[in-house]
Every structure is written in structure tokens, then in C-alpha cells.
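# Structure assessment
Below, each chain spelled out in residue letters.
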Amino acid sequence: MKDRKTEAQPPRVPQKAQQGGDIRARWAWVEPEVWTERMLATLETGIEGGKWFRLIDKVWSPKNLAKSLQKVVAKGGSAGIDNQRVSQVAAHREQTIQKLEQELRTNQYRPQAVKRVWIPKPGSQEKRPLGVPTVRDRIVQRAVLQVIEPIYERAFASQSYGFRPGKGCKDALRRVDELLKSGYHWVVDADLKGYFDTIPHEGLMERVGEKIADSRVLNLIKAMLQAGVLDSMKGWQPTEQGSPQGAVISPLLSNIYLNGLDWEMAHSGFEMVRYADDFVVLCRNQEQAQQALERIRQWVEENGLKLHPTKTRLVDASQRGGFDFLGYHFEKDSKWPRKKSLDKLKGTIRSKTRRSSGRNLTAICLELNQTLKGWFGYFQHSAPHTHAAIDSYVRARLRNILRHQNKRKGKARKIDHQRWPNSYFSAAGLYSLKQAHAAACRSS
């Protein structure tokens, strides 16, 4: 692997900023059980030598393990290869913490293989792999995460939005909107082929080792990466590369590996917006976009990754065609849900509006409202016609139910619109996306 350019370090916070007790407020998301104010002050001013030593004792701290267990239990999830459920671990909290602390202290802890399950890929017949670590391994992974995440968060570039404290999809989408409105309409729509499954372990551990010098922590992370997977069809398989999607620590590790690309693009003056392995680069003209794509290709090749040959492309977003990003489709100064997002929503609506369900309209509307409100929370900034079209689709499904309950065959017809007008469903309590959008516009 070729040498990488030295990554720019974020500016240090002035010494004066540490006074007055507001340092904890600036790092409100970190675990106080792990990160003391003195450690946070060191994090802000920079640790001598640039690397952190002696962190393993923070990992096995009973308070850190207890907080980690609490979060794992709250999140739930499936059992791993040991078939031990979250509820079983929760019932023996103290014993679990004591045992994990002892194993970590004596260097006897060994992560088990990750259970591989295959889940449907939205809008495709393909399936993608999801890794399910055992509950106790998820506890240890989160304990490690709570110790090391602030160290790397300090060094991440601003254009990275995925799985970071205080950032999210909406922030990334807002930045894309800003750039498009500022004339950056030539877009490098990039796709890393099988990113999570192909991250080179050697290169990843090099990057982790740039900030941490505690060999016990480094070996622990390496053991997590190399624990292998257990596939119901293929049995146990070694993991010589990649970090399984579904592992608690994988999002952080994926950001650590791509941080070099973030800084490479920033140093080169390109406007990149990245959410995990999904990213776009927005440029003012086609020539700049082509230059950005060449730099991405070079970096990806040098770092053992691959760009998807057909999904990676240059797009003029001011013309017909546009591009998809984080569930939205951007085209001609407008945006709306991409086709896969709409298909997924309609599939959920269909499952809740089966004509043979036998439930009354009020009960159906209450269940639908949960889906519609959640969907609007993310897609409310879509073009207005989107909301009206979905409202119409939902009411059509409900009219089919009412027609069936009235012993009529077939789908709803024109007369059914008169029999059950839009106001009828409003009276039944159905949530209207169009009305919610209008209210949001008035509010803003």
C-alpha cells in the first residue's frame, strides 16, 4: 500500500476554552464513566506524541461495561451464534459484567464468530449480508467504542456525516442542497463496491494505530475483525478482510478508514458529502468533476478498495436524470424520494391495508399514521406533488377495504370517491402528508 499524505489535524481548542467548566458541555455525548474532564482537556489540547497509551483499563472498567450492557439491552436485537438472547443477558447483568471484566483483565476474552444472515436489498432481488455478533461481544464492542470514539471523532473531516455524534442524514442532505443551489450541479455519484466486506485489515489497523498505542486495545479490535463468520449454508468462514455490517464498532472503523479520502478531497478543494460508504462530490463544471473522479479512483485503488463500474458516474443535476443520495432523488433544482424509497413505503402501506383484515377504519388509520408520520419526518422536504400522490394512494387502498366490507368486488371506482370522499378519511383520523407539508411550510 502506498504512503498516504499526512492528514490535516483539526485546530486545537485554545487553552482558555478549557476554563469555566464548559468542556463537559462540548463533549456531552461521551460517557462520563470513561472520559473525565482531565482526559477531555488533553483530547482538546492534543496528547503528547499524538497517541493514547493505557486505554485497556478504561475498556474493562465495570462502570463502562455496565453502561455498555445497558445500551445493548435497550437496543435489543437478535441472538448470535450462542443463541443467547438480550433478555437472558439482562437477567444476569452483574455476572455478565464480572465475567467480561475478568476475561478482559486476564487477556482471556475471545470474540466468537459473527452469525451471518441475509436480508432483502430494497428494490432488488438480491440480498445483502448482515453480521450479528453475540450479545456479550456486542457489549465488549460498545465498551471499546465508548473509549476510543472521541479520539477519532476529534480527527474526522467535516464532510463526513454518517454515524457521528450530532450529525446525520438530514445534515448531509442539507449540505447537498446548499451546494446545488450555489451552482455545484456537476456531481460525482460514487459507489464503493462491497465496502464493508472489503476493508483491508492491515490498512485499517494502521489507521487505528495512528491514534492508539495500547497494544491490548489494538489486539482486541483485531480479534473482533478476525473472529470469522458462521453462515447457516456454508458453516464457519474466516474473515480476512472487511468489518461486518451489524457489528457495533463497524461504523466507527469504516469512518476511520475513509477519513483519508475525506481529507484528500478537502485538501484538493473538492466539495464532498459522505455518509458512511455513500458519498457524492459536487463541482461547478464537468472538468472539475472529472478531476475529482480521477483522484477518487487513485485513492480507492491505492487503498485496496473498488469503485462499482456501473454505479459510479458523472451527472449534471441541472438536467433530466439527476442522482440519488440517502433516499432522495435530486434533479433540476428539486428533489423527491427515490423510486426504492417509494416502493418500500408502498409495500408497507399494502401490508397494513389488506382488504381481508377485518379491522375497522379507525384502527387501520391509527396504524397507518405511525408509518406516514415517520416517513414524513424524513421526506417532508420533497416536492409537493409527492405528498399528494401518496395521500391519494393511501385513500385508494382504504376505499378498496370499504368496498370489500360492503360486499362489492374489485377495486374502488369513481362512485366510491363520492361515497367516501377525502373528508371521510380525515374525519376517521387519517394523517395527510399534503396537509402536514402545508403546515410545515407555513411554520417555516
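A brief report on the enclosed structure follows. Remember, it's a predicted structure, so these values are computed and weren't measured experimentally.

Rules behind the numbers
- Residues numbered from 1 in each chain as written.
- Predicted model: local features only at pLDDT ≥ 70, side-chain atom pairs only at ≥ 80, totals over all residues.
- Heavy atoms only, no water.
- Pairing = 2+ DSSP bridges.
- Helix = DSSP H or I, 4+ residues; strand = E, 2+ residues; numbered from the N terminus.
- Axes fitted to C-alpha atoms, helices over the stretch in contact; angles between N-to-C directions.
- Buried < 20%, exposed > 50% of the residue type's maximum accessible area, 1.4 Å probe, protein only.
- Contact = heavy atoms within 4.5 Å.
- Salt bridge = Lys/Arg side-chain N within 4 Å of Asp/Glu carboxyl O.

### A look at the sheet that holds strand S9 (residues 323-325)
Taken together, the 3 strands give an open sheet; going across it, the order is S9-S10-S11, and neighbouring strands pair in antiparallel fashion. The sheet is open, and its two edges are formed by S9 and strand S11 (334-337), each paired on a single side. Pairs of neighbouring strands in the sheet enclose a mean axial angle of 30°, with direction left out of account. As judged from the 3 bridges shared by S9 and strand S10 (residues 328-331), these two strands associate in the antiparallel manner. The residue bridging Phe 325 from the neighbouring strand is Tyr 328, located in S10.

### Some points on unusual backbone geometry
We note that Asn 83 has phi near 60°; this positive angle belongs to a residue other than glycine. Backbone geometry places Asn 107, a non-glycine residue, at a positive phi of 65°. One can find Asn 107 in the loop between helix H6 (93-105) and strand S1 (114-120).

### Comments concerning helix H2 (residues 37-45)
Within H2, burial applies to Met 39, Leu 40, Ala 41, Leu 43 and Glu 44. Buried-residue contacts for H2 involve helix H1 (23-26), helix H3 (56-59) and helix H7 (135-153). Gly 46, located one to two residues past H2, shows a positive phi value of around 100°.

### Some details on the pattern of salt bridges
If you walk through the whole model with that rule in mind, you get 21 salt bridges. A salt bridge links Arg 313 to Asp 189; the nearest nitrogen and oxygen atoms lie 3.5 Å apart. Highlighted residues: Arg 313 in strand S8 (residues 313-316) and Asp 189 in strand S3 (residues 186-191), separated in sequence by 124 residues. Residue classification places Asp 189 among the buried positions, given a relative accessible area of 10%. Among the salt bridges present, the one from Lys 339 reaches Asp 343, with a minimum N-O distance of 2.7 Å. Of the two residues, Lys 339 and Asp 343 both sit in helix H14 (residues 339-352), 4 residues apart, roughly one turn of that helix. Judged by its relative accessible area of 62%, Lys 339 is exposed.

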